[in-house]
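# Examination of the molecular architecture
As a plain string of letters, each chain reads:
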Amino acid sequence: MASPTLLKEKPPKPTSPTLTALGSGKLRVTWAVPSAAPPVEATQVQLTDVGTGKKWLIDLTGALVSSGRTSFAPSRTEVNIHGVQDCVEYAAEICCRNAEGFGEYSMSSDSVANIDAKGQIGGMQLVIHEGASTDVPVMVPQGDGKMKVRWTLPEEAKQTIVKRHGVKTWPRLIWLRRVGNQNWYLCTGGAIAAPASETLATGLEEGIEYEISTLHAFSSAMGCNSGKSLEAAPKMETIGNIIKDFPVRLPALPGDVLISGNLPTEVVDQLAPHCKGWLYVNPESDPHFMGETIKSKGSSLKVVPFKPSKDLAPAVIDQLVSAVQDLPRPLMIQCTSANRAGIVLLLWMAKTRGYSKGCVEQLVADLQLDTVRPEALQWLQQQLPSLTPAAPGGPLVPERTEIRQLFDEESSTLTYLVSCCETNEAVLIDPVLEQKDRDLHILKDLGLTLRFVLNTHCHADHITSGGAIRQRLPVQTVISEASGAKADRHLQHGEIIEEARATPGHTDGCMTFVLKTRNATFAFTGDTLLIRGCGRTDFQQGNARLLYENVHAQIFSLPGDTVVCPGHDYKDRCVSTVEEERRFNPRLTKSKEEFVQIMDNLKLPNPKKIDVAVPGNMMCGVQDDPYDPLAICKDCDQTEAMFLVHRFTRDNHLCFGQK
Ligand SMILES: N[C@@H](CCC(=O)N[C@@H](CSS)C(=O)NCC(=O)O)C(=O)O
């Protein structure tokens, strides 16, 4: 009998890479290395300018090159690229090499661009400009990467006034794309609160042709940011005309989700080609249902009849959430009067982000969901948890057990239990002394071994339970070096692969911990960034300017769908997203000088426990000599504190401690 031979092949195509815009000149590519026999020895990353087709390899420093050190170790799954042009769309492809040679390149990633030269994250900026004309706007190049966009302003446009963020605006969206690009991007600028007929687009490339698209006349723009790219955004001028007189609501980020009530056939006829997905939440027997028309236009249609009632089967909620999650974008959610469609949109946002009741109220107000009725909203709130200390675990991302949010009512502190479902090891972020027993019980109930207690900063309103816990368990306490506080491990900015970000301002030692899991990215912002607020800056080396700069540079630069996990909330809200805070934070959306004014005039009373909390936390709650197990990560030769975050980033999965 012939002896079996080992199959030897070049590596298969890696699964599609993901490209993320990181702000001016920077992109990040992540990928997965396929299993191969013989095993993969190296990976190569290729970047393409989608408009011109020009290709580069990426070297080990993240530079665009045509040759050089371009082989990444097989353990690498991401690289930050620098030196790319803003407003230019790029796509990435990956190929792997083993002993048999190079395999084929992967499929291209989705194309991505940084939309302006000021470091804004690609495509995530909402701009509303005044006007309601159907004219074709004029583009007037200004040199230096700038282009004036002009339009005429008909008299009736002045009647179309919308109140957004407490400011009257005359809605008009100006979209720009480089000829050859697939995606439309909003022009940079701010909401124009007075009649105007031009705006200035910046950060463009000289000698490159751009085209323009406009949207006008919707009575109340709203929606959500899913952090998805704007790919396949509908032709704005066309949709603008179609929806003018109908109950269609466009999201703040087109290309994503629209909601609507009943529409006449001719409107569905025109709208359906622009919507790749269509979720209908009335029964198919509804006389207004236009399933055949929708399908005939190539839209992917799903029907999930939905009426908010206390008897609604949980399976229907699951079906609705999955439908919104999975249907292609742009997605239309349609009911009779855009009430239930709005509720479905909110339900999806709440369930996929783990919002509590209070978050939803905030969002409805911010997004001006004017078609959603109070009784329907009440039903939605009944489906969501509130922040109560009695809850065994918090509401955050309930379907993903890796992160639990816990609440201390007395100090309104949000503590996070982050655990690994494989090793059953855990870290606690910002735990409160008075909740030590609750936290130890949860750890015991869940069979978790606590390894680290992380503090985002030296708190002034409560004492960390780190010191007390480490007297009971072999854990290490961790805080920033800059805090000056005593701890087993000290962190410095950038020390641990971009994940511990120094964000001084509330205190000089504040850090934001960024954690990428398989499902989402989380930013534990401590008191630096709160939901629609931020930490005070009037004691403990507080500095409003620094806080403003750090939130913008270190937190607002994260992808828009990053879940913001703050250290406190005083209004029963639990989480937010980077994009929501970029758009709706009443303090941090202001100019730096206005922000400083606001912070200088908060006139808050001192936290009740400041006199005991600060000295206690300077000891990190530690009363005796630091515990010092010199555990070393077998993979990376770093100490455990380094290992912790090393594993967060490399595997997108929490896993630490000795195996
Ligand atoms: N009333 C609380 C303290 C409330 C407070 O000052 N919170 C701080 C974070 S804890 S130091 C803060 O920065 N608030 C910002 C804001 O805008 O409210 C107590 O007595 O403990």
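Residues numbered from 1 in each chain as written. Predicted model: local features only at pLDDT ≥ 70, side-chain atom pairs only at ≥ 80, totals over all residues. Heavy atoms only, no water.

- Named according to an unreviewed UniProt entry, the protein is persulfide dioxygenase originating from Cladocopium goreaui.
- For the record of the protein, the UniProt heading Catalytic activity (unreviewed entry) holds the text "S-sulfanylglutathione + O2 + H2O = sulfite + glutathione + 2 H(+)".
- In its Subcellular location (unreviewed entry) section, the UniProt record describing the protein reads: "Mitochondrion". (UniProt positions renumbered as here; feature names shortened; annotations may be inferred.)

### Considering the overall build of the protein
- The secondary structure content of the protein amounts to 14 helices and 34 strands.
- Taking all 659 residues of the protein together, 59% fall into the buried category.
- Across the protein, contacts joining residues at least 24 apart in sequence account for 68% of those joining residues at least 6 apart.
- Put simply, the protein shows about 26600 Å² of open surface, and 51% of that area lies on carbon and sulfur atoms. (Helix = DSSP H or I, 4+ residues; strand = E, 2+ residues; numbered from the N terminus. Buried < 20%, exposed > 50% of the residue type's maximum accessible area, 1.4 Å probe, protein only. Contact = heavy atoms within 4.5 Å. Areas by Shrake-Rupley, 256 points an atom, 1.4 Å probe, with all protein chains shown as cover.)

### Remarks on the site of the ligand
- Neighbouring residues of the ligand: 13 residues in total, closest Gly-535, Arg-536, Tyr-570, Arg-587 and Lys-608.
- Contact between the ligand and Arg-536: an oxygen atom at 2.6 Å from a side-chain N or O atom of the residue.
- Contact with the protein chains covers 84% of the free accessible surface of the ligand, which is 530 Å². (Near = heavy atom within 4 Å. Polar contact = N/O pair within 3.5 Å; in protein donor to acceptor, adjacent residues only side chain to side chain.)

### Let's talk about the nonpolar core
- If you look at the biggest cluster of nonpolar residues, it comprises 63 residues, and the most contacted ones within it are Leu-279, Leu-320, Ile-333, Val-360, Leu-380 and Phe-524.
- Per-element tally for this core: the top contributor is helix H5 (residues 340-353), with nine residues.
- The contact partners of Leu-279, leaving out residues within four places of it in the chain, are Lys-302, Val-304, Leu-320, Ala-323, Val-324, Leu-327, Leu-331, Met-332, Ile-333, Gln-334 and Val-344.
- Membership of the second largest hydrophobic core comes to 18 residues, among which are Leu-19, Ala-21, Trp-31 and Val-88. (Core = buried A, V, L, I, M, F, W, Y, C linked by side-chain atoms within 4.5 Å.)

### Some thoughts on the environment of Leu-440
- With respect to the helices, strands and loops of the structure, Leu-440 is situated in helix H8 (residues 436-445).
- The spacing of Leu-440 and Leu-450 is ten residues in sequence and 8.9 Å in space, taken between C-alpha atoms.
- Excluding anything up to four places from it in sequence, Leu-440 contacts Ile-469, Arg-472 and Leu-473.

### Here's the deal with the side chain of Gln-405
- Structurally, Gln-405 is set in strand E22 (residues 403-408).
- On the basis of relative accessibility, which here comes to 1%, the residue Gln-405 falls in the buried class.
- Among the polar contacts made by the side chain of Gln-405, one reaches the side chain of Tyr-416 at a distance of 3.0 Å.
- Engagement of the side chain of Gln-405 in a polar contact is seen with the backbone oxygen of Cys-574, the distance being 2.8 Å.

### Focus on the sheet that holds strand E8 (residues 101-102)
- With antiparallel pairing, the five strands of this open sheet are ordered in space as E5-E4-E3-E7-E8. Each edge of the open sheet carries a strand with a single partner, namely strand E5 (64-65) and E8.
- Examined bridge by bridge, strand E3 (residues 42-49) and strand E7 (residues 90-98) share eight bridges and lie antiparallel to one another. Bridge assignment links Ala-42 to a residue of E7, and that residue is Arg-97. (Pairing = 2+ DSSP bridges.)

### What about the pattern of salt bridges?
- Scanning the entire structure with this criterion turns up 15 salt bridges.
- Lys-13 is the partner of Glu-104 in a salt bridge, and the nearest nitrogen-oxygen pair spans 3.9 Å. Pair noted here: Glu-104 is in the loop between E8 and strand E9 (138-143) and Lys-13 is in the segment before strand E1 (15-21), with a separation of 91 residues, a long-range link.
- In this structure Glu-104 comes out as exposed when scored by relative accessible area, which is 53%.
- Here Lys-13 falls in the partly exposed class, since its relative accessible area comes to 44%.
- Ionic contacts of the salt-bridge type, sharing partners, join the residues Glu-410, Glu-434 and Lys-609 into one network. (Salt bridge = Lys/Arg side-chain N within 4 Å of Asp/Glu carboxyl O.)

### Considering the confidence of the model for the protein
- Overall, the predicted model of the protein reaches an average pLDDT of 75, with 67% of residues at or above 70.
- Counting contacts from residues 154-173, a segment whose pLDDT is below 50, to residues more than four positions away or on other chains yields 75 contacts.
- Throughout residues 251-255 the model reports pLDDT below 50, and contacts reaching past four residues in sequence, or to other chains, amount to 23 contacts.
- Interface confidence for the predicted complex, given as ipTM, is 0.98, next to a pTM of 0.61. (pLDDT = per-residue confidence, 0-100.)

### Here's the deal with the sheet that holds strand E30 (residues 521-526)
- Spatially, E28-E29-E30-E33-E34 is the arrangement adopted by the five strands of the open sheet, whose pairing is mixed. At either end of the open sheet lies a strand with only one pairing partner, and these are strand E28 (500-502) and strand E34 (576-577).

### Remarks on helix H13 (residues 610-618)
- When H13 is considered as a whole, its buried residues turn out to be Ile-610, Ala-613, Val-614, Gly-616 and Asn-617.
- Following H13 by one or two positions, Cys-620 has its phi on the positive side, about 50°.

### Examining the environment of Leu-546
- With respect to the secondary-structure elements, Leu-546 resides in helix H10 (residues 544-555).
- Sequence-wise, Leu-546 and Val-596 are 50 residues apart; in three dimensions their C-alpha atoms are separated by 9.9 Å.
- Not counting residues up to four positions away in its chain, the partners in contact with Leu-546 are Pro-504 and Gly-505.

### Examining helix H6 (residues 357-367)
- Of all the eleven residues making up H6, eight are buried; the element is thus mostly covered by neighbouring parts of the structure.
- The set of residues buried in H6 consists of Gly-358, Cys-359, Val-360, Gln-362, Leu-363, Val-364, Asp-366 and Leu-367.
- On its buried side, H6 packs onto H5, helix H7 (374-382) and helix H11 (578-584).

### As for the environment of Pro-287
- One can find Pro-287 in the loop between strand E19 (277-280) and helix H3 (291-296).
- Looking at Pro-287, the relative accessible area reads 75%, which means it is exposed.
- Residues Pro-287 and Asn-262, 25 residues apart in the sequence, show an inter-C-alpha distance of 10.0 Å.

### Comments concerning the packing of aromatic side chains
- Under the criterion given, the structure shown has seven aromatic pairs.
- A ring pair is formed by Tyr-548 and Phe-595, whose centres lie 5.3 Å apart and whose planes are at 50°; its orientation type is tilted. Of this pair, Tyr-548 sits in helix H10 while Phe-595 sits in helix H12 (residues 592-600); the two residues are 47 residues apart in sequence, bridging distant segments of the chain. A single burial state applies to Tyr-548 and to Phe-595, both of which are buried. (Phe/Tyr/Trp six-rings, centres within 6.5 Å; stacked < 30°, edge-to-face > 60°.)

### Some remarks on the pairing of E1
- Inspection of the sheet shows E1 paired to strand E2 (residues 26-32) by five bridges, in the antiparallel sense. Directly across from Ala-21, in E2, lies its bridge partner Leu-27.
- In this structure, the hairpin formed by E1 and E2 is closed by a connection of four residues, where Gly-23 is found at a positive phi of approximately 100°.

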